[in-house]
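# Survey of secondary and tertiary structure
The lines below spell out each chain.
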Amino acid sequence: RFPPICGLSLEANLKPLVQWLLDLGFDKSQVAKAIARSPQICGYSLQAKLKPFVQWLSDQGLDKSQVVNAIAGQAQICHYSLEANLKPKVRLLAARGFSQTDIARTLATCPQTLGHSLERMEYRIGVLEAAGLLTDTSFRTAVVMSNEKFASRFG
């Protein structure tokens, strides 16, 4: 899944990453789960990629345990660009009436939301809004549904 991991330095890359995750609050099984689900994180710079990402999640209102659970459960979210991907999605939610608490709850309980396209999010918010059903809970449910299930449920 990520052959370049074999070329990473144990001392320069892997040990500092594991220690940082442990210091962040991950337990050993969560570290293993995150790396197994997304080995690419081993190649990311702590300073340039991972620390800013964790800070951004914190800035959105997630506490330390929510940050850990979001990354441990959906480590792929670390791959996304803050500027090109994540910030526009949060701006969309805020522009469509989601409170900071709603946004934090969405990121904490459904981090896979971040993996969906901005267009998908906009469309599904629009459908829910038009039906008078838009809440953070309905959005979290709708955004992860298959296209078929969404169409059959919301038409």
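For clarity, every value in this text was computed on a predicted model and none was experimentally measured.

### With respect to the overall build of the chain
The number of helices and strands found in the chain is nine helices and zero strands. In terms of principal-axis extent, the alpha carbons of the chain reach across some 55 × 30 × 25 Å. Here the chain holds 155 residues, and 41% of them are scored as buried. Residue pairs in contact within the chain that sit at least 24 positions apart in sequence constitute 71% of those at least 6 positions apart. Of the charged side chains in the chain, 18 are positive and 12 negative; the average position of the first set lies 5 Å away from that of the second.

### Some remarks on the pattern of salt bridges
Two side chains that carry opposite charge are able to pair once their charged atoms sit near each other. The full count for this structure, using the stated rule, is five salt bridges. One salt bridge connects E83 with K87, and the closest N-O pair in it is separated by 2.6 Å. You can see E83 and its partner K87 sitting in helix α5 (residues 82–95), four residues apart, about one turn around the helix. In this structure K87 comes out as partly exposed when scored by relative accessible area, which is 27%. For D102, the salt bridge goes to R105, with nearest N and O atoms at 2.9 Å. One end of the pair, D102, and the other, R105, are both in helix α6 (residues 100–109), three residues apart, so they sit about a helical turn from each other. Residue D102 is classed as buried on the basis of its relative accessible area, which comes to 17%. Looking at R105, the relative accessible area reads 34%, which means it is partly exposed. Here the salt bridges do not stand alone but share partners, grouping D102, R105, D136 and R140 into one network.

### Side note on the nonpolar core
Where a protein is soluble and globular, its nonpolar side chains tend to be buried together. In terms of nonpolar packing, the biggest core is built from 46 residues, with L17, W20, F26, F53, W56, I71 and F139 touching the most fellow members. Of all elements in the fold, only α1 (10–24), α2 (28–37), α3 (46–59), α4 (64–73), α5, α6, α7 (118–130) and α8 (136–143) reach the threshold of two or more residues within this core. Broken down by element, this core gets its largest block of residues, six residues, from α3. Beyond its immediate stretch of four places on either side in the chain, W20 contacts L46, L50, K51 and V54.

### A look at α2
Because an α-helix packs 3.6 residues into every turn, residues spaced three or four apart end up facing the same way. Looking at α2, one finds that the buried residues are Q30, V31, A34 and I35. The buried side chains of α2 occupy one side of the element, clustering within an arc of 130° when seen end-on. Those residues of α2 that are exposed and angled more than 90 degrees off the buried face are K28, S29 and A36.

### Points about the packing of aromatic side chains
For the structure shown, the criterion picks out four aromatic pairs. Arranged with centres 5.5 Å apart and planes meeting at 80°, the rings of F98 and F139 form a pair that is edge-to-face. One end of the pair, F98, is in the loop between α5 and α6; the other, F139, is in helix α8, with 41 residues separating them in the sequence. Among the aromatic residues, those joined into a ring-pair cluster are Y123, F150 and F154. Across from the ring centre of Y80, 5.7 Å away, lies the NZ or CZ of K89, which sits over that ring.

Scoring rules and cut-offs
Each residue is numbered by its place in its chain's sequence as written, counting from 1. Per-residue local features are limited, in this predicted model, to residues with pLDDT of at least 70; the limit for side-chain atom pairs, both in listing and counting, is 80 or more; totals at the level of whole chains, interfaces and linings are taken over all residues. Note that the side-chain values use all heavy atoms of the structure and ignore hydrogens as well as water. A run of H or I in DSSP becomes a helix once it reaches four residues, and a run of E becomes a strand once it reaches two; helices and strands are each numbered from the N terminus. Only protein chains enter the accessibility calculation, which uses a 1.4 Å probe; a residue whose area is less than 20% of its type maximum is buried, one above 50% is exposed, and one in between is partly exposed. Working rule for contacts: check all heavy atoms of both residues, and any pair within 4.5 Å makes them a contact. For this count, His and the chain ends are skipped, Lys and Arg are scored as positive, and Asp and Glu as negative. For this purpose, a charge sits on NZ of Lys, CZ of Arg, CG of Asp or CD of Glu. Just to be clear on terms, a salt bridge is a Lys or Arg side-chain nitrogen sitting within 4 Å of an Asp or Glu carboxyl oxygen. Put simply, buried Ala, Val, Leu, Ile, Met, Phe, Trp, Tyr and Cys residues joined by side-chain atoms within 4.5 Å make one nonpolar core. To obtain the arc, one takes the directions from the helix axis to the C-beta atoms. Aromatic pairs are defined between Phe, Tyr and Trp rings, using the six-membered ring for Trp, whenever the two ring centres lie within 6.5 Å; interplanar angles under 30 degrees are classed as stacked, those over 60 as edge-to-face, and all others as tilted. Comment: the charge-over-ring label is applied if NZ (Lys) or CZ (Arg) is within 6 Å of the ring centre and within 35 degrees of the ring normal.

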